[in-house]
Structures are given as structure tokens and as C-alpha cells.
Amino acid sequence: MSGRFVRSSKYRHVFGRSTRKEQCYDNLRVSRNAWDTNLLKVNPKHLAVNWEAGGGGAFAVIPLEERGKLPERIPLFRGHTAVVLDTDWNPFDDDLIASGSDDGKVFLWRVPENFTVRPDCEADDIQDIAPVGKLSGHPKKIGHVLFNPAAENVLATASGDYTVKIWDIEAGAAKLTLNVGDIVQSQSWSANGSLLVTTSRDKKLRIWDVRQERPAHETNGHSGAKNSRTVWLGERDRIATTGFSKMSDRQLALWDIRAVREPINGFKTLDSISGVCMPFWDDGTSCLYLAGRGDGNIRYFELENDKFEFLSEYKSADPQRGIAFMPKRGVNMHENEVTRVFKTVNDSYVEPISFIVPRRSENFQDDIYPPTFGLTPAMTPSEWFAGKEAIPPKISMASLFDGEGLKEISGIEEKPTGSMSAPAPKPAEPAPVAAKPAATATPEPVPAPSPVARPAPSMKEQGASMAAMVNKFADDEDVEEHTDEDSSFDEIKKPVEPSARSPVTESAPARVSTPPSAVQAKEAEPQVKSPAPVSTTATNPSSSGDSSVPVSTVHKEIEAIKDLIAQQTKIIADQASQMQRLTSEVEALKSKLN
């Protein structure tokens with residue numbers, strides 16, 4: 001035996017599938033600006049690309065269905081007086097995008113209806129798109145823009161003036177200002193939009209209570225001199241960061257937002273490549289993707305028990321400078337695609353890469369496509385600024401698979417807890433069924449006992465209970481033989497006692513506070529005697545069948561004992577499985593506490 005075990009995971013064989021050149025987005029002029037942003041942003045309808053444009057700043061929006069080589073002249077989103085550094089799509093409106101620029105301005109843009117990069121007109125007649133809104137307030141360049149994932153029209157912008165401003169874009173004004181104290185290198189919202197995590201050039205990791213305009217937690221992050229990135233892990237109270245050590249090794253760290261003094265299990269060294277790792281979190285699969293800036297590889301991990309388990313790595317000879325991940329509602333479920341990545345290649349074209357779970361079935365795979373966020377916000381800007389916290393409603397991925405559009409799901413909060421508490425309803429069901437074994441002595445309807453906190457009976461206790469049953473059987477038979485000789489009145493009177501105690505049979509499985517041997521002995525008593533009244537009442541009318549009464553009684557008692565042993569075996573097995581499940585849950589809780 002080698003002693004090595006393979007960890008069970010349905011994402012262990014996920015692989016990245018590249019796209020042929022003719023199906024990519026070719027003939028692009030991706031911005032060559034050295035500012036550390038992702039250069040690309042994507043949603044299920046459009047791809048935004050920071051553009052290398054002279055005489056000001058611009059970016060391009062490409063409809064996803066318009067693949068292939070683009071014309072030399074396409075309509076650009078132009079309006080900034082300096083290079084565009086970052087863009088972000090509104091999570092609740094696929095046609096609204098914000099851009100931040102080196103000119104210190106934030107512009108809001110709306111993609112025109114039926115927009116195309118191949119307009120039916122001469123190249124000289126192509127009209128650029130103008131912004132629909134402008135946010136002014138930062139005196140220096142704006143390096144990062146990020147929409148709130150829960151509140152509608154709330155935008156965070158990080159600037160070279162060492163602040164992060166929170167905007168109500170409906171009012172066109174900055175309502176909150178976070179004084180970071182240094183250049184912000186990355187930022188990420190929590191799922192309910194109440195907290196914001198930032199990494200900055202001073203190597204600090206800060207978790208901001210945004211509406212209080214102060215950091216709730218602050219700690220030392222990665223110690224290296226190069227840039228650090230952070231991402232919030234969906235609805236969990238965990239964040240992940242990538243950065244560098246003092247020796248310039250790339251690192252990955254997992255943090256608990258309630259205790260951020262040190263990362264969970266320390267900093268994990270990845271490799272010695274010099275490019276920044278761009279992290280992306282897929283909440284549906286609990287997978288973290290790390291795309292290296294300047295190399296062509298994308299490695300991915302699964303988060304399990306507060307540990308990033310390495311799954312695999314997509315390798316490519318074409319390095320990427322910019323990268324974007326498709327929201328879950330935009331993946332191709334008919335090909336079991338769990339995520340889709342868009343990467344720049346040679347700053348001239350963008351290549352989609354599909355990450356696929358290999359399965360043969362063509363049906364909807366509900367285990368890899370849990371409900372995801374749709375286009376409905378959880379609250380308005382005024383509600384959010386007033387202090388409300390909420391998670392946006394989720395949509396069914398099955399409805400998208402069937403082509404029924406976005407269908408919101410109610411009660412998804414119960415689904416995760418429902419799987420954990422699934423055994424709970426089982427003890428409640430057998431309560432009416434438990435009365436049947438007393439009359440029919442059939443082992444099938446015997447339920448698993450509801451309390452699982454008691455250990456399963458030992459072999460010694462089982463032997464003692466079985467011995468007690470045999471002794472009871474011997475005593476009962478002697479009594480019945482004497483009553484047969486005395487009178488028929490005793491024969492009828494004797495079965496009345498077990499029937500009066502028959503409720504014990506119903507309550508016996510629930511009494512786990514007594515020792516298991518005592519419970520089994522009490523279970524044995526009514527069930528061993530219960531066939532006796534049936535046999536005596538059946539033979540009572542005819543006195544000629546007196547000699548056959550003990551024989552039939554013996555057979556029925558033996559059958560009852562066999563049934564009881566089968567029931568006890570099943571109960572013991574159920575208790576053992578319940579104990580094993582509880583043990584695993586306790587170990588998981590211990591690991592979380594540690």
C-alpha cells in the first residue's frame with residue numbers, strides 16, 4: 001500500500017478548452033498602459049476592452065456573438081481626456097458600464113440598442129459613443145471602479161489621492177469617502193455589499209465597514225514589494241489574497257474576516273514567477289482561479305475545510321496581460337461549462353477559454369449549477385446608504401438551461417441548511433408507523449431512532465439483551481402451559497397485560513436516555529409477548545386444539561425473536577452511521593475553530 005488517497009471532488013477533472021483563432025475576437029488594440037488592472041470586463045452580452053487610442057482615452061465594447069476579425073475602424077466609447085485604466089459592468093444592467101481614467105473622471109456609458117462593431121456605413125462615418133453620466137470628485141487618476149453587488153447604482157472608485165469614494169450614481173454624487181492612506185491595488189465587495197476589502201501599496205489588508213467610513217479590521221498582508229490582489233469569496237466570511245513574499249515568491253492566502261491578524265494556515269507559496277496573480281472566485285463551484293499576469297497559465301483550486309485544494313492548471317504558451325471571467329448566468333450549461341475566461345493574447349486578440357466538467361449526460365446537472373444571482377438588486381441606493389443589508393434574489397440555472405429565461409427562486413436560504421438537516425425529518429415520520437410492528441411483527445417499518453447522541457450498543461450489551469429475551473420466552477411458555485391446564489379464563493386474562501403495555505412499544509425507540517441494553521430489553525418484552533394473544537384467542541373457541549397451542553406459539557415467538565433481532569441490527573447500523581456523521585461534523589467544527 002502506498003498510503004496515498006485521492007480526494008473526492010466532482011471538479012477534479014475540470015479542464016480548460018481553448019478556442020480556435022477564427023472564433024476569437026481578433027484585430028484588437030488592447031491598451032499597453034502599465035497600470036495593474038485586468039484590462040477586460042465581460043458580462044453575458046458584451047466584452048469591454050481597454051483600448052490603445054491616441055488623443056485621449058477610450059475603450060471598446062464588443063457584442064459576444066460578433067466573433068472573428070474586427071474591422072480596422074470600430075465605434076469606440078470615447079470621452080476621457082487620458083487613458084482608460086479600468087471599467088466595470090453594472091451587475092443589474094448588462095448595458096450600463098462605468099469607466100475610470102487617468103484624468104480623474106468617472107464616466108457612465110450605456111450600450112445602444114442593437115449595437116454592433118460592424119456598422120453598415122463607411123469607416124469615416126462611424127460615430128463613437130458618448131458617455132451618459134459623469135462623476136467628478138477625485139483630483140488624481142482613478143485606477144479601479146467596482147459596482148456594489150447587492151445595491152443598485154452604488155459604485156466604489158479607488159484613486160491616486162489615496163481614497164476610495166462610494167458614489168450614488170443616480171444622484172451623481174460621492175456619499176462616502178474611505179481614507180486608505182496609500183495607493184489602492186485592488187478592492188472587492190462582500191456579497192451583501194456592506195463590507196469592502198482593499199489591498200494597498202503600504203502592504204496592509206483592510207476590511208472596511210463602508211457606511212461607517214472606517215476600517216473594521218486592518219492587518220499586514222503580503223510582505224513583498226510587488227502588487228497584491230484580493231477577492232471576496234462570495235457569501236462566505238472568507239477572503240483570498242495573492243501577493244509576493246520578501247523573496248519575490250508568489251503567494252496565496254486565505255483570511256477569516258473575523259480574525260484577520262494572520263491568514264488561515266499561513267501564506268502558501270505558489271512559485272517564483274514575477275507576474276501578479278489575478279484571483280477570481282466562482283461561488284457556484286467553490287473554486288478559486290489564479291491567472292498569472294505575463295504567463296499563460298491559469299491554475300484553479302477548490303476551497304474545502306478552509307484549505308485551497310489544488311485541482312489542475314490550464315497551460316498555454318500565449319501569455320496574458322488582461323483577463324475577465326464570465327458571470328455564472330452566462331456559461332454554456334449544455335456543454336457542462338462551469339466558467340468561461342477571456343484572455344488577451346499579444347495585445348491583438350481575445351481568446352475565450354471554457355472550463356468544462358466532463359460528463360456524458362446531456363441533462364441539466366443540478367449539482368454543479370446551484371442558483372446564482374440574477375439581475376434584481378437587493379436594495380435601492382437610498383436603502384443601502386441608510387444601512388440596509390441584504391443578499392440579491394437568486395435565479396434558477398435550470399430555467400436558463402431550458403430556455404425559460406431568468407426565473408427567481410424563493411426560499412433558497414433553506415436549501416443549504418436543508419441538506420444538513422435532512423436526517424431530522426426521518427425520526428418524525430416513523431412515529432405512526434412504529435405501532436405497526438407491535439401488531440404485525442414485520443421489520444420493514446422500524447425507524448431509525450431520532451436521538452443519535454448515544455453510542456451504539458456493544459456486543460456485550462447485545463448478548464445480555466438477547467439472553468434476557470430467551471429467559472423471558474422460557475418463563476412465558478411455562479406460564480402459558482400452566483394456564484392451559486387451569487382454565488380458559490386465565491388464557492384470556494393473560495394476554496390483556498401485554499396489550500395494556502403496548503404503548504411502550506411505540507415509545508421504546510425514543511427513550512435513549514436509558515442504557516441501550518435496557519431499551520432493547522423493553523423492546524423485547526412487548527414484542528415477544530404480542531403474538532401470544534393472537535394465538536390464544538384464535539384457539540380459545542375450540543378446546544380440541546389445546547395440544548397445538550404451545551407449538552404454534554413457539555413458532556410465532558421464534559419468528560418474533562428473529563424479527564426483533566433484525567430490528568435491533570438495523571437500529572444499531574443506523575446509530576453507527578449517525579455517530580459517524582456527527583463525528584465528521586464535530587471534526588469540521590473543530591477545524592473551523594482552530
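Because the structure is predicted, anything quoted here is derived from the model rather than measured.

1. Some points on the overall build of the protein chain
Working step 1: Counting its regular elements, the protein chain contains twelve helices and 33 strands.
Working step 2: For the protein chain, the proportion of contacts with a sequence separation of at least 24, taken over those separated by at least 6, is 55%.
Working step 3: Accessible surface for the protein chain amounts to roughly 28,200 Å². Of this, 52% is attributable to carbon and sulfur atoms.

2. Quick look at the sheet that holds strand E21 (residues 238-244)
Working step 1: Read across the sheet, four strands follow the order E20-E21-E22-E23 without closing on themselves; strand pairing throughout is antiparallel. The open sheet has two free edges, formed respectively by strand E20 (229-232) and strand E23 (259-271), since each of these has just one partner strand. Ignoring strand direction, the axes of neighbouring strands in this sheet form an average angle of 20 degrees.
Working step 2: Relative to strand E22 (residues 250-256), E21 runs antiparallel, the two sharing seven bridges. Counterpart to Ile239 in the pairing with E22 is Trp255.

3. Here we look at the packing of aromatic side chains
Working step 1: Tallying each qualifying case throughout the model produces 19 aromatic pairs.
Working step 2: Ring geometry for Trp255 and Phe267: centres 5.8 Å apart, planes at 75 degrees, overall edge-to-face. With Trp255 in strand E22 and Phe267 in strand E23, this pair connects stretches of sequence that are twelve residues apart.
Working step 3: The class of Phe267 is partly exposed, set by a relative accessible area of 31%.
Working step 4: Ring centres 5.5 Å apart and planes at 55 degrees place the aromatic pair Phe364 and Phe401 in the tilted group. Taken as a pair, Phe364 in the loop between strand E30 (349-356) and strand E31 (372-373) and Phe401 in helix H2 (residues 397-401) lie far apart in primary sequence, 37 residues in all.
Working step 5: An aromatic cluster is defined as three or more aromatic residues linked by ring pairs; in this entry it consists of Phe280, Tyr289, Tyr300, Tyr314, Phe325 and Phe355.
Working step 6: The aromatic ring of Phe385 is capped on one face by Lys175, whose charged end is 5.0 Å from the ring centroid.
Working step 7: Just above the ring of Phe244 sits the side chain of Lys226; from NZ or CZ to the centre is 5.2 Å.

4. Structural notes on the UniProt feature "repeat: WD" (unreviewed entry) in the protein chain
Working step 1: UniProt tags residues 77-119, 135-177 and 184-218 as "repeat: WD" (unreviewed entry).
Working step 2: Counting secondary structure, residues 184-218 comes out at 0% helix and 66% strand; the distance between its end C-alpha atoms is 14 Å.

5. A short note on the sheet that holds strand E27 (residues 308-314)
Working step 1: If you trace the four strands from one edge of the open sheet to the other, you get E24-E25-E26-E27, paired in antiparallel fashion. Each of the sheet's edge strands pairs with one partner strand only, and the pair in question is strand E24 (277-282) and E27. Between one strand and the next, the sheet's axes are offset by a mean angle of 25 degrees, whatever the strand orientation.
Working step 2: In the sheet, E24 pairs with strand E25 (residues 287-292) via six bridges, with the strands oriented antiparallel. Across the sheet, residue Pro279 finds its bridge partner in E25, namely Leu290.

6. Considering the side chain of Lys394
Working step 1: Tracing the backbone shows Lys394 in strand E32 (residues 394-395).
Working step 2: At a separation of 2.4 Å, a polar atom in the side chain of Lys394 contacts the side chain of Glu235.

7. Considerations on the nonpolar core
Working step 1: The biggest cluster of nonpolar side chains holds 33 residues, and the ones touching the most others in it are Tyr25, Leu28, Leu47, Phe59, Phe77 and Phe342.
Working step 2: When contributions to this core are tallied by element, the ones reaching two or more residues are strand E3 (40-42), strand E4 (46-51), strand E5 (57-63), strand E8 (84-89) and strand E10 (105-110).
Working step 3: Sort the elements by how many residues they give to this core and E5 lands first, with five residues.
Working step 4: Those residues within four positions of Leu28 in sequence are excluded, and the remaining contacts are Val49, Trp51, Ile62, Leu70, Asp347, Ser348, Tyr349 and Val350.
Working step 5: Listed in part, the 24 residues of the second largest apolar core include Tyr11, Ile298, Phe355 and Val357.

8. Topic: the confidence of the model for the protein chain
Working step 1: The share of residues in the protein chain with pLDDT of 70 or more is 75%, and the mean pLDDT across the chain is 80.
Working step 2: Below a pLDDT of 50 lies the segment residues 412-456, which in the model reaches 46 contacts outside its immediate sequence neighbourhood of four places, other chains included.

9. A look at the pairing of E23
Working step 1: Relative to E23, E22 runs antiparallel, the two sharing five bridges. Looking at E23, one finds that Arg250 is bridged to Asp271.
Working step 2: Connecting the antiparallel pair E22 and E23 is a turn made up of two residues.

10. Focus on the environment of Glu302
Working step 1: Secondary-structure assignment places Glu302 in strand E26 (residues 298-303).
Working step 2: For Glu302 and Thr285, which are 17 residues apart along the polypeptide, the C-alpha to C-alpha distance reads 7.8 Å.
Working step 3: Among all residues touching Glu302, those that are not within four sequence positions of it are Arg7, Ser9, Tyr11, Thr285, Ser286, Cys287, Lys307, Phe308, Glu309 and Leu311.
Working step 4: Within the structure, Glu302 has its side chain in polar contact with the side chain of Ser9 (distance 2.5 Å).

Analysis parameters
Residues numbered from 1 in each chain as written. Predicted model: local features only at pLDDT ≥ 70, side-chain atom pairs only at ≥ 80, totals over all residues. Heavy atoms only, no water. Helix = DSSP H or I, 4+ residues; strand = E, 2+ residues; numbered from the N terminus. Contact = heavy atoms within 4.5 Å. Areas by Shrake-Rupley, 256 points an atom, 1.4 Å probe, with all protein chains shown as cover. Pairing = 2+ DSSP bridges. Axes fitted to C-alpha atoms, helices over the stretch in contact; angles between N-to-C directions. Phe/Tyr/Trp six-rings, centres within 6.5 Å; stacked < 30°, edge-to-face > 60°. Buried < 20%, exposed > 50% of the residue type's maximum accessible area, 1.4 Å probe, protein only. Lys NZ or Arg CZ within 6 Å of the ring centre and 35° of its normal. UniProt positions renumbered as here; feature names shortened; annotations may be inferred. Polar contact = N/O pair within 3.5 Å; in protein donor to acceptor, adjacent residues only side chain to side chain. Core = buried A, V, L, I, M, F, W, Y, C linked by side-chain atoms within 4.5 Å. pLDDT = per-residue confidence, 0-100.

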